[in-house]
Amino acid sequence: RYAIRRRIGAGGMGIVYEVDDRARQQVVALKALRRRSGDDIYQLKREFRNLADVAHPNLVSLYDLVVDDGDRLARVQCKYVSGKQVDLRRILEGNA
C-alpha cells in the first residue's frame, strides 16, 4: 500500500516517513514505532485516540491507526505537510 519516498525524522517513539499511499492516492506522513512493546503500542493508540477528533489549524489531520498485534507492528498515518525542517528543541530553548 505504501511506497516510501524518504525518511522525514525520528524521535524517541518512532520514525516518520514521507510515503505515497496508493489506496488514498496521495502523499502522507507515516509514523512507525521504533520499539514494538505492548506499552509502546498502547501509548501510540492512546495518542491517536486523543488527537483523532481534534481539528485545529496548527495540527495535522490523522487518517489511520494500524496495529497488527500478532507481528507487533503499529503505525499512524496522517496528513503530510511540506516545508522547511526546523529544530524544535532550539526554538523552545530560545536558540533559534
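Above: the structure in question.
Rules and cut-offs
- Residues numbered from 1 in each chain as written.
- Predicted model: local features only at pLDDT ≥ 70, side-chain atom pairs only at ≥ 80, totals over all residues.
- Heavy atoms only, no water.
- Helix = DSSP H or I, 4+ residues; strand = E, 2+ residues; numbered from the N terminus.
- Buried < 20%, exposed > 50% of the residue type's maximum accessible area, 1.4 Å probe, protein only.
- Core = buried A, V, L, I, M, F, W, Y, C linked by side-chain atoms within 4.5 Å.
- Salt bridge = Lys/Arg side-chain N within 4 Å of Asp/Glu carboxyl O.
- Patch = residues over 30% accessible without salt bridge, like charges linked within 9 Å, V, L, I, M, F, W, Y side chains within 5 Å.
- Areas by Shrake-Rupley, 256 points an atom, 1.4 Å probe, with all protein chains shown as cover.

Draft legend 1. Main features of the environment of isoleucine 4. Tracing the sequence through the fold places isoleucine 4 in strand S1 (residues 2-10). Of the residues examined, isoleucine 4 reaches a relative accessible area of 57% and is grouped as exposed. On a C-alpha basis, the gap between isoleucine 4 and aspartate 21 in space is 8.9 Å, while along the polypeptide they are 17 residues apart.

Draft legend 2. Local environment of the nonpolar core. Core analysis: the biggest nonpolar cluster contains seven residues, these being Met13, Leu33, Ile41, Leu44, Phe48, Ala74 and Val76. Ranked by the residues each element gives to this core, the list is headed by helix H1 (residues 38-51), at three residues.

Draft legend 3. Seen up close, the pattern of salt bridges. For the structure on display, the rule yields eight salt bridges. Salt-bridge contacts for arginine 1 lead to aspartate 21; the nearest nitrogen and oxygen are separated by 3.0 Å. Note that arginine 1 is positioned in the segment before S1 and aspartate 21 in strand S2 (residues 14-21), a separation of 20 residues in sequence. Residue class for arginine 1 comes out partly exposed when judged on its relative accessible area of 45%. Several salt bridges converge on common partners, so that one network encompasses Arg1, Asp21, Arg24 and Asp64.

Draft legend 4. Molecular detail of a nonpolar patch on the surface. Taken together, the side chains of Leu51, Val54 and Leu59 define a hydrophobic patch exposed on the protein surface, amounting to about 230 Å² of accessible area. If you trace the backbone, leucine 51 turns up in helix H1. Using a relative accessible area of 38% as the deciding quantity, one classes leucine 51 as partly exposed.

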